[in-house]
Amino acid sequence: ANKNSKLQTEFGSFHVWWGEEMVKEGVGYPTKDWGIWPRKEKVLEHFQFAAEQYGLLPHIRFNCNVANIDTIGGKKDHGRYYMLGVQSLTDSGKSDQVPCSVIYNFPGSMTKNRIIDYPGEDEFDGHIGYGMNDDCPYEHLEGNTLAILGNGAFAVENARTAIEYGATKVYMVTRRKNLASP
């Protein structure tokens, strides 16, 4: 949600080293400086460390676009696989052919956000921020009253951040009557 977002799940449900190896000496990470609900940068640091330790980095492609997919082999062939045409988003001339047998898609925050224009926004004399993809107006929080539209995890996360940054009052505005649902 924002640069101060904290993981909103229990430690063991996402942690790579959850289980027997966690109690052994020498695991080394993330037992140091690791809170119950770590912030975004700590979670990313953890995943980077785990990917390095388990040898995953050579098999992962970041900042790229799958330009085409060719299916090699018939539906019932034991050796069937996909050949991906992968283009770099950072090096315009670089492209690769990557054979793979399984495709996972993790779009993350690359999905298109739903931005709604509400009647009267252009006449409103205050700041309007969307509170997603690190778009949190930190400089406008202290001493102000805020309204956050929504009742999901990111709405709750932004309410917490606003309070931590000194907002005097935060209202959560929702269409539903049920409790906020982080």
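As a reminder, the structure under discussion sits directly above these lines.
No experiment lies behind these values; they were computed from the predicted model shown.

Quick notes on the rules
Residues numbered from 1 in each chain as written. Predicted model: local features only at pLDDT ≥ 70, side-chain atom pairs only at ≥ 80, totals over all residues. Heavy atoms only, no water. Helix = DSSP H or I, 4+ residues; strand = E, 2+ residues; numbered from the N terminus. Buried < 20%, exposed > 50% of the residue type's maximum accessible area, 1.4 Å probe, protein only. Contact = heavy atoms within 4.5 Å. Areas by Shrake-Rupley, 256 points an atom, 1.4 Å probe, with all protein chains shown as cover. Expected span 1.5 Å × (residues − 1). Pairing = 2+ DSSP bridges. Axes fitted to C-alpha atoms, helices over the stretch in contact; angles between N-to-C directions. Patch = residues over 30% accessible without salt bridge, like charges linked within 9 Å, V, L, I, M, F, W, Y side chains within 5 Å. Salt bridge = Lys/Arg side-chain N within 4 Å of Asp/Glu carboxyl O.

*Asks:* Explain the overall build of the protein chain here, please?
*Replies:* Summing up its helical and strand segments, the protein chain has 3 helices and 5 strands in all. Listing each helix as α and each strand as β along the protein chain from the N terminus yields α-α-β-β-β-β-α-β. A burial count over the protein chain gives 21% of its 182 residues as buried. If you take every contact in the protein chain between residues at least 6 apart in sequence, the share linking residues at least 24 apart comes to 47%. Total accessible area on the protein chain is roughly 13,800 Å²; 54% of this is exposed by carbon and sulfur atoms.

*Asks:* Whenever I open this one, helix H3 (residues 153-164) confuses me. Can you help?
*Replies:* Every α-helix carries 3.6 residues per turn, so stepping three or four residues along brings you back to the same face. The first and last C-alpha atoms of H3 sit 17 Å apart over 12 residues, in line with the 16 Å expected at 1.5 Å per residue. All buried positions along H3 are accounted for by Ala155, Glu157, Asn158, Ala159, Thr161 and Ala162. On the buried face of H3, the contacting elements are strand S4 (145-149) and strand S5 (169-173). One or two residues past the end of H3 sits glycine 166, with phi positive at roughly 95°.

*Asks:* Help me understand the pairing of strand S3 (residues 95-100), please; the structure alone is not making it clear to me.
*Replies:* Of the strand pairs in this sheet, strand S2 (residues 81-88) and S3 are connected by 6 bridges, and their pairing is antiparallel. Looking at S3, one finds that valine 86 is bridged to aspartate 96.

*Asks:* Just to check I follow, could you spell out the sheet that holds strand S1 (residues 64-72) for this structure?
*Replies:* Sheet strands associate in pairs through backbone hydrogen bonding, adopting either a parallel or an antiparallel arrangement. Strand order in this open sheet of 3 strands is S1-S2-S3, and the pairing throughout is antiparallel. Here the strands that pair on one side only, and so sit at the sheet edges, are S1 and S3. Recorded for the sheet is a direction-independent mean angle of 25° between the axes of neighbouring strands. Relative to S2, S1 runs antiparallel, the two being bridged by 8 bridges. Bridged to asparagine 68 within S2 is glycine 85.

*Asks:* Got a minute to help me understand a nonpolar patch on the surface in this structure?
*Replies:* Taken together, the side chains of Tyr54, Leu56, Ile60 and Phe62 define a hydrophobic patch exposed on the protein surface, amounting to about 410 Å² of accessible area. Considering the arrangement of structural elements, one finds leucine 56 in the loop between helix H2 (40-53) and S1. Accessibility expressed as a relative area gives 42% for leucine 56, which makes it partly exposed.

*Asks:* Can you walk me through the pattern of salt bridges in this structure?
*Replies:* Pairs can form between side chains of opposite charge whenever their charged atoms are close. Evaluation of the coordinates by the stated rule reveals 2 salt bridges. Its salt-bridge partner being glutamate 157, residue arginine 160 comes within 2.3 Å of it at the nearest N-O pair. Taken together, the positions of arginine 160 and glutamate 157, both in helix H3 and 3 residues apart, correspond to about one turn of that helix. The closest approach of N and O atoms between arginine 160 and glutamate 164, which form a salt bridge, is 2.6 Å. Note that arginine 160 and glutamate 164 are positioned in helix H3 at a spacing of 4 residues, about one turn of the helix. Residue arginine 160 is classed as partly exposed on the basis of its relative accessible area of 22%. Exposure remark for glutamate 164: the relative accessible area of 40% places this residue in the partly exposed category. Each of Glu157, Arg160 and Glu164 takes part in one network of salt bridges that share partners.

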